[in-house]
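Observations on the model geometry
Listed below are the residues making up each chain.
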Amino acid sequence: MIRIVLADDHAVVRAGLRDFFATHVDLRVAGEAASGREAIDLVRNTEIDVLVMDLSMPGQSGIDA
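Residues numbered from 1 in each chain as written. Predicted model: local features only at pLDDT ≥ 70, side-chain atom pairs only at ≥ 80, totals over all residues. Heavy atoms only, no water.

1. Section: the pattern of salt bridges
If you walk through the whole model with that rule in mind, you get five salt bridges. A salt bridge links glutamate 47 to arginine 3; the shortest N-O distance between them is 3.2 Å. Of this pair, glutamate 47 sits in the loop between helix 2 (36–45) and strand 3 (50–53) while arginine 3 sits in strand 1 (residues 2–7), and the two are 44 residues apart along the sequence. Ionic pairing is found between aspartate 41 and arginine 37, a salt bridge with its closest N-O pair at 3.4 Å. Highlighted residues: aspartate 41 and arginine 37, both in helix 2, separated by four residues, approximately one helical turn. Note on aspartate 41: relative accessible area 34%, which makes it partly exposed. Residue classification places arginine 37 among the partly exposed positions, given a relative accessible area of 40%. Sharing partners across several salt bridges, the network here consists of Arg3, Glu47 and Asp49. (Salt bridge = Lys/Arg side-chain N within 4 Å of Asp/Glu carboxyl O. Helix = DSSP H or I, 4+ residues; strand = E, 2+ residues; numbered from the N terminus. Buried < 20%, exposed > 50% of the residue type's maximum accessible area, 1.4 Å probe, protein only.)

Structure, rendered in structure tokens:
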């Protein structure tokens, strides 16, 4: 099982990615973040394998995070 965290400031993008990953039995979305700060907190506190992050987000971008 590959655990994925989704980080994007657009809820519709996160929902689309979540639905896409749900169609694969070996992938599981372990968390979602709407900002770079939330993504950092999730990575620190959640056991994950992959982080799918938007590079351009308000506040703290994916690059800064």
